[in-house]
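# Coordinate analysis (summary)
The primary structure of each chain is shown beneath.
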Amino acid sequence: MASGVQVADEVCRIFYDMKVRKCSTPEEVKKRKKAVIFCLSPDKKCIIVEEGKEILVGDVGVTVTDPFKHFVQMLPEKDCRYALYDASFETKESKKEELMFFLWAPEQAPLKSKMIYASSKDAIKKKFQGIKHECQANGPEDLNRACIAEKLGGSLVVAFEGSPV
């Protein structure tokens, strides 16, 4: 079911920048986004970037010690959101970085919000071509390292964001 919600150009630009990693100087790498949260505009007609809700690669180890924990804490307790997270993980064979798309729909969110976000998910996913991993989370318990490792590759994943799973 489509909701007719549009996706802001800035959302598409951020996705492209996170997906396509150009050869960058160390300064440019620090400005790359590790995580970004998106919300609906106040009139509920457009998916936009939520102001101040991002983690930069350069923040990790400086102002942010555990990027995934910080990301989870940025999600609102009582409303829905979409998010992109650049997950770093290890399998028995190699280290990988892959984008994950999240639909955050906590139990305490208003029913109307859950319905709009669920019905608008296809609009944003169509703009995010090539996302391999998708996760719908209905509470913090859905966002623990073991659940995320399962989404990324199941028993093949041995570490997530530098910590064993």
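Here, the structure is the one placed above.
Residues numbered from 1 in each chain as written. Predicted model: local features only at pLDDT ≥ 70, side-chain atom pairs only at ≥ 80, totals over all residues. Heavy atoms only, no water.

## Quick word on helix α4 (residues 111-127)
- For α4, spanning 17 residues, the distance from its first C-alpha to its last is 25 Å, which sits close to the expected 24 Å at 1.5 Å a residue.
- Of all the bends in α4, the largest measures some 40° and sits at Ser120.
- Of all the positions in α4, only Ser113, Ile116, Tyr117, Ser119, Ser120, Lys121 and Ile124 are classed as buried. (Helix = DSSP H or I, 4+ residues; strand = E, 2+ residues; numbered from the N terminus. Expected span 1.5 Å × (residues − 1). Bend = angle between axes of the 7 residues up to and from the residue. Buried < 20%, exposed > 50% of the residue type's maximum accessible area, 1.4 Å probe, protein only.)

## Thoughts on the pattern of salt bridges
- For the structure on display, the rule yields nine salt bridges.
- The closest approach of N and O atoms between Glu50 and Arg81, which form a salt bridge, is 2.6 Å. Here Glu50 is found in strand β3 (residues 46-56), whereas its partner Arg81 is found in strand β4 (residues 81-91), with 31 residues between them in sequence.
- Overall, Glu50 belongs to the buried group, its relative accessible area being 15%.
- Arg145 serves as the salt-bridge partner of Asp66, at 2.5 Å between the closest nitrogen and oxygen. Highlighted residues: Asp66 in the loop between β3 and α3 (67-74) and Arg145 in helix α5 (residues 145-153), separated in sequence by 79 residues.
- With a relative accessible area of 23%, Asp66 lands in the partly exposed category.
- Overlapping salt bridges bring together Glu50, Asp79 and Arg81 as one network. (Salt bridge = Lys/Arg side-chain N within 4 Å of Asp/Glu carboxyl O.)

## A look at the pairing of strand β2 (residues 33-40)
- Across the eight residues that make up β2, a large majority, eight, are buried.
- The turn linking β2 back onto β3 is made up of five residues, and Lys44 within it adopts a positive phi angle of 65°.
- Strand direction decides the pairing type here: β2 and β4, joined by four bridges, are antiparallel. Pairing of Phe38 across the sheet is with Tyr82, part of β4. (Pairing = 2+ DSSP bridges.)

## Quick notes on the environment of Asp59
- Along the chain, Asp59 turns up in the loop between β3 and α3.
- Put simply, Asp59 and Lys34 are 25 residues apart on the chain and 8.9 Å apart in space, counted from C-alpha to C-alpha.

## Considering unusual backbone geometry
- Residue Lys44 is not a glycine yet carries a positive backbone phi of 65°.
- Relative to the helices and strands, Lys44 is located in the loop between β2 and β3.
- What makes Lys44 partly exposed here is its relative accessible area of 44%.

## With respect to the nonpolar core
- Core analysis: the biggest nonpolar cluster contains 26 residues, and Val11, Phe38, Ile47, Tyr82, Ile124 and Phe128 have the highest contact counts within it.
- Contributions of two or more residues to this core are made by α1 (9-19), β2, β3, β4, β5 (95-104) and α4.
- What Phe128 contacts, discounting residues up to four positions off in sequence, is Val11, Phe15, Phe38, Leu84 and Phe101.
- Ala35, Phe68, Met74 and Phe102 belong to the second largest nonpolar core, which has 24 residues in total. (Core = buried A, V, L, I, M, F, W, Y, C linked by side-chain atoms within 4.5 Å. Contact = heavy atoms within 4.5 Å.)

## What to know about the pairing of strand β6 (residues 133-137)
- Every second residue of β6 is oriented toward a common face, the buried set being His133, Cys135 and Ala137 and the non-buried set Glu134 and Gln136.
- Relative to β6, β5 runs parallel, the two being bridged by five bridges. Looking across to β6, one finds that Met100 is bridged to His133.

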